[in-house]
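# Summary of the model geometry
Letter by letter, the chains look like this.
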Amino acid sequence: MNPTVKKVWNAVTWVLVLCVAVLAFLLAGVRLIGYTPYTVLSGSMEPTYPVGSLIYVKKTAPEAVQVGDPITFVLDENLTVATHRVIEVDSENRQFRTKGDANEAADGSPVLFENLIGVPRFSIPKLGFAASWITQPPGMYVSGAAVVILVVLLFLPDLLDKADAADRKAAEKKARREAEGNPR
């Protein structure tokens, strides 16, 4: 492979690998530093958290939550997760009253302290769409295949160089035999 083409090829594949690594960190690696990502599926918290945003939630003690804080919590027995803003803290009954920023009325049921997951610390708009797509078929299969293709592309120049070297060695060996008068 031409050395210039190989350098360009390597640069492009390493940029792609870096992009995949950053995406993997944003989607899963943040768990290593104590954040859990969630995709915003409804517009109840717009404009703070637009639909499709990926919010990063940090586990927080219920006693640390104050009125005005957004919280992420388990909404019901189906383990539905929601994020709304705290409008009242009832420490005596160990519950929060919440309301979505875009909603007219407060939520119908209080959020028990035990259902608190944490407090969103930051979000990335639209990344939740990618997270949802990658974690469900067919996105799961496409992204898996893309990673395999990327690994192949990463090592392809070296494989081609080895194949070229083997071909040159075989051609030299054949030329020596022919020069010696032994074609085999």
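See the structure shown above.
Calculation notes
- Residues numbered from 1 in each chain as written.
- Predicted model: local features only at pLDDT ≥ 70, side-chain atom pairs only at ≥ 80, totals over all residues.
- Heavy atoms only, no water.
- Helix = DSSP H or I, 4+ residues; strand = E, 2+ residues; numbered from the N terminus.
- Rg over C-alpha atoms; globule rule 2.2 N^0.38 Å.
- Buried < 20%, exposed > 50% of the residue type's maximum accessible area, 1.4 Å probe, protein only.
- Contact = heavy atoms within 4.5 Å.
- Lys, Arg positive; Asp, Glu negative; His and termini not counted.
- Charge placed at Lys NZ, Arg CZ, Asp CG, Glu CD.
- Core = buried A, V, L, I, M, F, W, Y, C linked by side-chain atoms within 4.5 Å.
- Patch = residues over 30% accessible without salt bridge, like charges linked within 9 Å, V, L, I, M, F, W, Y side chains within 5 Å.
- Areas by Shrake-Rupley, 256 points an atom, 1.4 Å probe, with all protein chains shown as cover.
- Salt bridge = Lys/Arg side-chain N within 4 Å of Asp/Glu carboxyl O.
- 1 Å grid on protein atoms, 1.4 Å probe; cavity = no way out; pocket = protein on both sides within 12 Å on 5 of 7 lines; lining within 4 Å.
- Points joined across faces, edges and corners; volume = space filled by probe spheres on them.
- Nonpolar A, V, L, I, M, F, W, Y, C, P; charged D, E, K, R; others polar.

Of regular secondary structure, the protein possesses three helices and seven strands. Along its sequence from the N terminus, the protein presents helices and strands in the succession α-β-β-β-β-β-β-β-α-α. Here the C-alpha atoms of the protein give a radius of gyration of 28 Å, more than 25% beyond the 16 Å that 2.2 N^0.38 yields for 184 residues. Seen through its C-alpha atoms, the protein measures out along the principal axes to roughly 100 × 30 × 25 Å. Of all 184 residues assigned to the protein, the portion counted as buried reaches 25%. Restricting the contact set of the protein to residue pairs at least 6 apart, pairs at least 24 apart contribute 55%. A gap of 16 Å separates the mean positions of the 19 positive and 19 negative side-chain charges of the protein.

Counting residues in each nonpolar core, the largest one holds ten residues, listed as V65, I71, F73, A82, V86, F96, V111, F113, L116 and V119. For this core, the secondary structure elements donating two or more residues are β3 (70-74), β4 (81-90) and β7 (116-124). In this structure, I71 is in contact with V65, A82, T83, H84, V86, F96, T98, V111, L116, G118, V119 and P120, ignoring residues within four places of it in sequence. Membership of the second largest hydrophobic core comes to seven residues, among which are L27, V30, Y56 and A131.

This part takes up the environment of E114. Along the chain, E114 turns up in the loop between β6 (111-112) and β7. Classification of E114 as exposed rests on a relative accessible area of 55%. Sequence separation between E114 and A61 is 53 residues; the distance between their C-alpha atoms is 9.7 Å.

A surface patch of nonpolar side chains, amounting to about 420 Å² of accessible area, comprises V20, V147, V151, F155 and L159. For L159, the location among the structural elements is in helix α3 (residues 139-179).

Attention now goes to the pattern of salt bridges. Applying the stated criterion across every chain yields a total of five salt bridges. Salt-bridge contacts for R94 lead to E63; the nearest nitrogen and oxygen are separated by 3.4 Å. Of the two residues, R94 is situated in the loop between β4 and β5 (95-99) and E63 in the loop between β2 (54-58) and β3; the sequence distance between them amounts to 31 residues. Judged by its relative accessible area of 58%, E63 is exposed. A salt bridge links D101 to R85, with the shortest nitrogen-to-oxygen separation between them at 2.8 Å.

Attention now moves to the layout of surface pockets. The space that makes up the largest pocket amounts to roughly 560 Å³. If you trace the largest pocket, you find 26 residues lining it, with Y38, T39, V40, L41 and V81 closest to the centre. Where the lining of the largest pocket is concerned, the elements lending two or more residues are α1 (3-27), β1 (35-39), β2, β4 and α2 (127-134). Broken down by element, the lining of the largest pocket gets its largest block of residues, four residues, from β4. Broken down by class, the residue content of the lining of the largest pocket amounts to 16 nonpolar, nine polar and one charged. Counted as a void, the second largest pocket has a volume near 250 Å³. Surrounding the second largest pocket, V20, L23, A24, L27, I134, S143, A146, V147, I149, L150 and L153 form its lining. Of all the secondary structure elements, the ones that give two or more residues to the lining of the second largest pocket are α1 and α3. A class-by-class count of the residues in the lining of the second largest pocket yields ten nonpolar, one polar and no charged.

Function cannot be inferred from these measures alone, as they are strictly geometric.
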